[in-house]
Amino acid sequence: MYIAGQEEIDAIARVIRDKALFRYGVGGECDRFEARYAAFVGTRHFALAASGSNALAAALIAAGLGPGDEVIIPAHTYMATATSVLAAGAIPVIVDIDESLTIDPEAVEEAIGPRTKAVIPVHMWGTACNMDAIMTVAARHKLIVIEDACQGVGGAYDGRKFGSIGLLGCFSFNYYKNMSCGEGGGVAVNDDVLAERVRCAIDPCHFYWQGRSDAAQPFSSNGARASELMGAMLNVQLDRIDGMVSAMRRERDLILQRTGSLDNLGLKPTPLNSPKDDCATQVLYTLPSADQAENFSRLFPSVIAGKTGRHNYTEWDQVLQGAGAAHAALNPYNLPQNAECRKTYSKDMCARSLEILNRTVMVATHPLHSDQEIEDTIHNIGTAARVALAGLPAEEADLRAAAPVETQKFDLKVTA
Ligand SMILES: Cc1ncc(COP(=O)(O)O)c(C=O)c1O
């Protein structure tokens, strides 16, 4: 979610004026952000990268995952969760989500085979995965847990920040995320050696600038270094995140409370694993059928989770087609070490997920929504539900026009 103002412009202008765009030696913004964000998440380390995709790949590589390993991922996530597994040379095994739109811990346990080494729970739409259940399954089967918190910046599960519960946690700061510097990402981790391996995976030459211990041997990897422009912008964005998330939680809770009576028409709040602490970037409703979800979202501009175009496994062409790398000899699907991994996919393999996704609608919250805009949303949800689910004649629907949210006011300040 793009919210940026004069503070970001000033911070970036300072970096440009100082000619200090490189993070090592001349800068200081990335170092400062890494220390602050690690403290914010509650881990010993945080390593910035050029994107969330790079962060995920670095986390998998640092954890030692590679050819011969299966990594369980959910059917509903951005495709980078899957492609990062392939970037490490391992094979993604796709399993069902449950009504919370996050990975179903039972599906994880059922999918574990002799080659399974890790699981990536994804805190989709800023909501929480059922981390207690996932950590229990993971401990029982000795799986590594890497949290994909790319959509969950600022959120937490039961008091613990997303990204601090598994062995490693990955974040994105791209244009659409709760904190943004255009593109960016990073990895949160406690273990010192793992942190060094993450830094090596992000920038194989980082030892030159940051030194290294004997415990972490360097290895070759592709560069994904962050710039000081990113660090400068993120340092400003971090000051706002708590205020933004609490505004979104307030809006989500108010909408859910005021639309609670529509439950008996079929507009059921989606079950959430940690509503008190998650990001609340969306108000989620689970409807009785896909047809009703379509009818509802036609009247009230909302997104059907199954129709986002890129967050469901059915859209991940490279994965479904076994195109795991540009070069055939590097394609994890062709590697002899992966011969015993499960790598057959089909568009209907997670039919249960598709069924849930096609009847879940999402209404976006926004920290800058005014009380009047929230009132209008509540009114429109009620009207759309009565037409779509209770047969109120469409001509009687008095829907209010929604105003576009102004996110580029330079006097902007969102405080905790
Ligand atoms: C769940 C999830 N994982 C990973 C990513 C990848 O992040 P990036 O776009 O910064 O590479 C995204 C980005 O949309 C995402 O939503």
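Attention here is on the structure that accompanies the text. Bear in mind the structure is a predicted one, so any value in this text is a computation, not a measurement.

1. Remarks on the packing of helix H9 (residues 228–258) against helix H13 (residues 371–390)
For the pair H9 and H13, interaxial distance at closest approach is 10 Å and the crossing angle is 35°. Considering the relative orientation of H9 and H13, their crossing is right-handed. Contacts between H9 and H13 pair Arg-250, Glu-251, Leu-254, Ile-255 and Arg-258 from the former with Asp-371, Ile-374, Glu-375, Thr-377, Ile-378 and Ile-381 from the latter. Residue classes in the contact of H9 with H13 are distributed as 5 nonpolar, 1 polar and 5 charged.

2. With respect to the site of the ligand
Within the structure, the ligand sits among 16 residues, and Gly-52, Ser-53, Asp-148, Ser-172 and Lys-177 are positioned closest to it. In this structure, Gln-151 approaches the ligand through a side-chain N or O atom, which is 2.9 Å from an oxygen atom. One nitrogen or oxygen atom from the side chain of Ser-172 is found 2.7 Å from an oxygen atom belonging to the ligand. Within the complex, 93% of the 390 Å² of free accessible area of the ligand lies under protein. Counting only elements with at least two residues in the shell around the ligand, the list comes to helix H3 (52–62) and helix H4 (80–87). The biggest single contributor to the shell around the ligand is H3, with 3 residues.

3. What to know about the sheet that holds strand E12 (residues 303–304)
Pairing in this open sheet of 4 strands is antiparallel, and the strands run E10-E11-E13-E12 from one edge to the other. With partners counted over all chains shown, the strands left at the sheet margins are strand E10 (268–269) and E12, one partner each. With 5 bridges connecting them, strand E11 (residues 282–286) and strand E13 (residues 360–364) associate as antiparallel partners. Across the sheet, the residue bridging to Tyr-285 is Val-361, located in E13.

4. Here's the deal with the sheet that holds strand E4 (residues 116–119)
Read across the sheet, 7 strands follow the order E1-E9-E8-E5-E4-E2-E3 without closing on themselves; strand pairing throughout is mixed. Both outer strands of the open sheet, strand E1 (45–49) and strand E3 (91–95), are each paired with one neighbouring strand and no more. Neighbouring strand axes in the sheet, compared pairwise and without regard to direction, differ in orientation by 25° on average. Looking at chain direction, strand E2 (residues 70–74) and E3 are connected through 5 bridges and run parallel. Bridge pairing in E3 places Glu-70 opposite Ile-91.

5. Regarding helix H7 (residues 192–202)
Of all 11 residues in H7, 8 are buried; the element is thus mostly enclosed. Taken as a whole, H7 has its buried residues at Leu-194, Ala-195, Glu-196, Val-198, Arg-199, Cys-200, Ala-201 and Ile-202. Its side-chain oxygen at 3.0 Å from the backbone nitrogen of Val-193, Asp-191 defines the N-terminal cap of H7.

6. Thoughts on the packing of H3 against H4
Taken N-terminus to C-terminus, the directions of H3 and H4 make an angle of 45°; their axes are 8 Å apart at the nearest point. By the angle class used here, H3 and H4 are oblique. Our pair here, H3 against H4, has a crossing hand that is right-handed. Where H3 abuts H4, its residues Ser-53, Leu-56, Ala-57 and Leu-60 lie against Ala-80, Thr-81, Ser-84, Val-85 and Ala-87.

What counts and what doesn't
Residues numbered from 1 in each chain as written. Predicted model: local features only at pLDDT ≥ 70, side-chain atom pairs only at ≥ 80, totals over all residues. Heavy atoms only, no water. Axes fitted to C-alpha atoms, helices over the stretch in contact; angles between N-to-C directions. Helix = DSSP H or I, 4+ residues; strand = E, 2+ residues; numbered from the N terminus. Left-handed = near helix turned anticlockwise from the far one by under 90°. Contact = heavy atoms within 4.5 Å. Nonpolar A, V, L, I, M, F, W, Y, C, P; charged D, E, K, R; others polar. Near = heavy atom within 4 Å. Polar contact = N/O pair within 3.5 Å; in protein donor to acceptor, adjacent residues only side chain to side chain. Areas by Shrake-Rupley, 256 points an atom, 1.4 Å probe, with all protein chains shown as cover. Pairing = 2+ DSSP bridges. Buried < 20%, exposed > 50% of the residue type's maximum accessible area, 1.4 Å probe, protein only. Parallel < 35°, antiparallel > 145°, perpendicular 65-115°, else oblique.

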